[in-house]
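Inside the fold
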Amino acid sequence: MTDTSPHAYDEVSIDQQVALRTTATRLAEGFTGVYGAETIEKFLLSSYDQFATASTIPHYLPLLAERFARQRLQALARVEGHHRDGRPVALFLCTHNAGRSQMALGFFTHLASDRAVA
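This text gives an overview of the structure that appears in the document. (Residues numbered from 1 in each chain as written. Predicted model: local features only at pLDDT ≥ 70, side-chain atom pairs only at ≥ 80, totals over all residues. Heavy atoms only, no water.)

**Some points on unusual backbone geometry**
Residues other than glycine seldom take positive phi values, yet Ser 113 does so here, at roughly 55°. A relative accessible area of 46% places Ser 113 in the partly exposed class. (Buried < 20%, exposed > 50% of the residue type's maximum accessible area, 1.4 Å probe, protein only.)

Below, the structure written as structure tokens:
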């Protein structure tokens, strides 16, 4: 299940807060009519939290959180049937944590271009 627990803005620097609010606005524009601002903010902040727990350099956290939140929201929209563009979807899993699924994803993305989603 997707963790969307709320995050307190107090723990984040002012620069990061501004970046996250700007990012939330940008994501809201991209998901107009699909998800509300609250849902988008929950996904963005939980994505931020996932990166922030292991990060030692916080400068790029809002960018990473935006990309990850966008991927999560797009996946949720597909699962819920809000986004149907006719492209096939592929999922790559690796049970040994050896990076094979990431390599397969890279090859697939390169070869399929925008004709399929992985």
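**Some details on the packing of helix H1 (residues 14-30) against helix H2 (residues 37-52)**
Where H1 contacts H2, the axes come no closer than 10 Å and their chain directions differ by 135°. In terms of orientation, H1 and H2 fall into the oblique class. For the element pair H1 and H2, the recorded crossing hand is right-handed. Facing Gln 16, Leu 20, Thr 23, Ala 24, Leu 27 and Ala 28 of H1, the residues of H2 in contact are Ile 40, Leu 44, Leu 45 and Tyr 48. Taken together, the residues of the contact of H1 with H2 sort by class into eight nonpolar, two polar and no charged. (Axes fitted to C-alpha atoms, helices over the stretch in contact; angles between N-to-C directions. Helix = DSSP H or I, 4+ residues; strand = E, 2+ residues; numbered from the N terminus. Parallel < 35°, antiparallel > 145°, perpendicular 65-115°, else oblique. Left-handed = near helix turned anticlockwise from the far one by under 90°. Contact = heavy atoms within 4.5 Å. Nonpolar A, V, L, I, M, F, W, Y, C, P; charged D, E, K, R; others polar.)

**Examining the side chain of Thr 23**
Residue placement: Thr 23 occurs in helix H1. Given the relative accessible area of 3%, Thr 23 is considered buried. What Thr 23 contacts, discounting residues up to four positions off in sequence, is Leu 44, Pro 62 and Glu 66.

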